[in-house]
Amino acid sequence: MSPDSTPLPPPPAATRSLPNLMASLTQVLGGPVLPAPPLPGLAAALGASQTLILLVADGLGEAQLQRHLPGGILARQHLCSLESVFPSTTASAVGTLLTGLPPVSHGLTGWHVWAEEAGETVGELLSILPLSRRGGPPPTPAERETWARRILAAPELPAPLDLSTRLDAQVTHIAPQDIIHSPFNRSLSQGARRLGYRRLEELFLQLRQALANPIPGRPHFIYAYWPDYDSLAHHHGPDSPRASAALKAFEAGLASFLGAGLNGATLLLTADHGFITAPPERLIRLNELPELHGLLRRPLSGERRAAYVHLLPGRTEEFVQRARERLGHALWVCSSPALLEAGWFGQGPRHPHLLSRIGDITLILKEDWSLKDSLPGEREITLTGMHGGISPAERQVPLCLFS
């Protein structure tokens, strides 16, 4: 197949994005000045509310909102569209929501991260949210704690990554019980009270409990995370009946919660990313292309829609030429340092390990293509829905406001 000469679109202008949202919230809460400017007009829309709730519905992009919840309370209270971060994936976007920083600063570059600082002498290729090895033995609890301490901190930056320790406010984090106290969440919410839940209805009960226990005279920031749609969209498809039903149940639960009153609080709803459907026949298996796979220094990291390539010394030009000839119809072959300089990872202080994490080349998938490699003994995971790329369906997320 001949290469597609379509140029890579430029990075989106940083005026209406998740980093801009966080800059506005910290401004209202009296927190630190963040690298991105505040979202235009949001501070005025929030008024004098002393309690702000940020409810994050994982995977609920603009496309999913319009397709599955037309005319509902979210559509009626839709304030604007926001751009997610690059890559448009949970680790990078939730990293921004928990730190206030863009990926250039927090350094969380995708589901799989090459972390050179993870080991004593050599790095580790990790699934960053569960803090587990890719293709290796399960880590011990002590290893997870060590990785969290080394990776989810950046002493070279002006302030700690954890935003909750930098806010002059009471902070509450609400997430599913099985992850609320994980090393990842504890590291990035050290200054917060953490509340777990097991079912959707318990999420709203915990929100109600958080509202009922403010510290008098102090602003209160409540961050709540709901992952169910994302999980169903990955495994059954973003437009599947099961995924759509989960969104409708979530909106119904939110409507009931709002119907009981917010007690003077303001609730903002957004998402970390959207979704596309990824047909199995459009999955590229890099192991089946030895002329490319043989040039890799280590396995791919990042995402199936935005993969980082670490190459053998002196083989970059050869890889670029071969990849463009062989796969140019399905992906863009980009210099990772050039993407960084162009602003794809945002603007702000640079994480000290960012360049090592994004490798030599970034492969950004076009249309509904996806890409993976395999390691010996690695469990095959079939994903029907995907994100991480630069299509509007993956990058655009809603911002809805309730007060």
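Below is a short write-up of the structure. Sequence positions are assigned chain by chain, starting from 1 and proceeding in written order. In keeping with the predicted nature of the model, local features appear solely for residues at pLDDT of at least 70, side-chain atom pairs appear and are counted solely at 80 or more, and the whole-chain, interface and lining totals rest on all residues. Where side-chain values are given, they derive from all heavy atoms of the structure, hydrogens and water being excluded.

Our next topic: the sheet that holds strand E18 (residues 396–402). With mixed pairing, seven strands are arranged side by side in an open sheet as E2-E18-E9-E1-E8-E6-E7. Strand pairing shows two members of the sheet lacking a second neighbour, strand E2 (78–83) and strand E7 (193–197), which therefore form its edges. Going from strand to strand, the sheet's axes swing by 20° on average, the running direction of each strand aside. Strands were regarded as paired on the criterion that DSSP finds at least two bridges between them. In this description a helix means any DSSP run of H or I spanning at least four residues, a strand means any run of E spanning at least two, and both kinds are numbered starting from the N terminus. The pairing of strand E6 (residues 170–176) with strand E8 (residues 220–226) spans five bridges and is parallel. Pairing of Val-171 across the sheet is with Phe-221, part of E8. Here, residues are in contact when the closest pair of their heavy atoms is within 4.5 Å. A fitted line through C-alpha atoms represents every axis, and for helices the fit uses only the stretch in contact; the resulting angles, taken between N-to-C directions, go from 0 to 180 degrees. Here helix H1 (residues 18–28) sits on the sheet and contacts strand E1 (51–57), E2, E8, strand E9 (266–270) and E18; the angle it forms with E1, its principal contact strand, is near 160°.

Our focus in this paragraph is the side chain of Ser-49. By secondary structure assignment, the location of Ser-49 is in the loop between helix H2 (42–46) and E1. By the criterion applied in these results, polar contacts are pairs of N or O atoms within 3.5 Å in which, for protein atoms, one can donate a hydrogen and the other can accept it, and in which residues neighboring in sequence qualify only through two side-chain atoms. Within the structure, the side chain of Ser-49 is placed 3.3 Å from the backbone oxygen of Gly-264, a separation counted as a polar contact. A polar contact is formed between the side chain of Ser-49 and the side chain of Thr-266, at a distance of 3.4 Å. Discounting residues that sit within four places of it in the chain, Ser-49 has contacts with Gly-264, Ala-265 and Thr-266.

Note on aromatic contacts: the rings of Phe and Tyr and the six-membered ring of Trp form a pair at centre separations within 6.5 Å, being stacked when their planes are under 30 degrees apart, edge-to-face when over 60 apart, and tilted otherwise. Evaluation of the coordinates by the stated rule reveals six aromatic pairs. Consider the rings of Phe-204 and Phe-257, whose centres lie 5.8 Å apart with planes at 35°: the pair is tilted. On the criterion of sequence distance, the pair formed by Phe-204 in helix H10 (residues 200–212) and Phe-257 in helix H12 (residues 241–259) is long-range, its members being 53 residues apart. For the pair formed by Phe-204 and Phe-257, the shared burial category is buried. Their ring planes at 15° and their centres at 4.3 Å tell us that Trp-226 and Phe-250 sit as a pair that is stacked. Of this pair, Trp-226 sits in strand E8 while Phe-250 sits in helix H12, and the two are 24 residues apart along the sequence. Working definition: with a 1.4 Å probe on protein chains only, accessible area under 20% of the residue-type maximum means buried, over 50% means exposed, and in between means partly exposed. Exposure remark for Trp-226: the relative accessible area of 1% places this residue in the buried category.

Bringing H12 into the picture now. Multiplying 1.5 Å by the helix residue count minus one yields the expected span of that helix. Under the 1.5 Å per step criterion, the end-to-end length of H12 is 27 Å for 19 residues, consistent within 8% with the ideal 27 Å. If you check which residues of H12 are buried, you get Ala-243, Ser-244, Ala-246, Leu-247, Phe-250, Glu-251, Gly-253, Leu-254, Phe-257 and Leu-258. Trailing H12 by a residue or two, Gly-261 shows a phi angle of about 95°, which is positive.

These results come straight from atomic positions and should not be treated as a statement about function.
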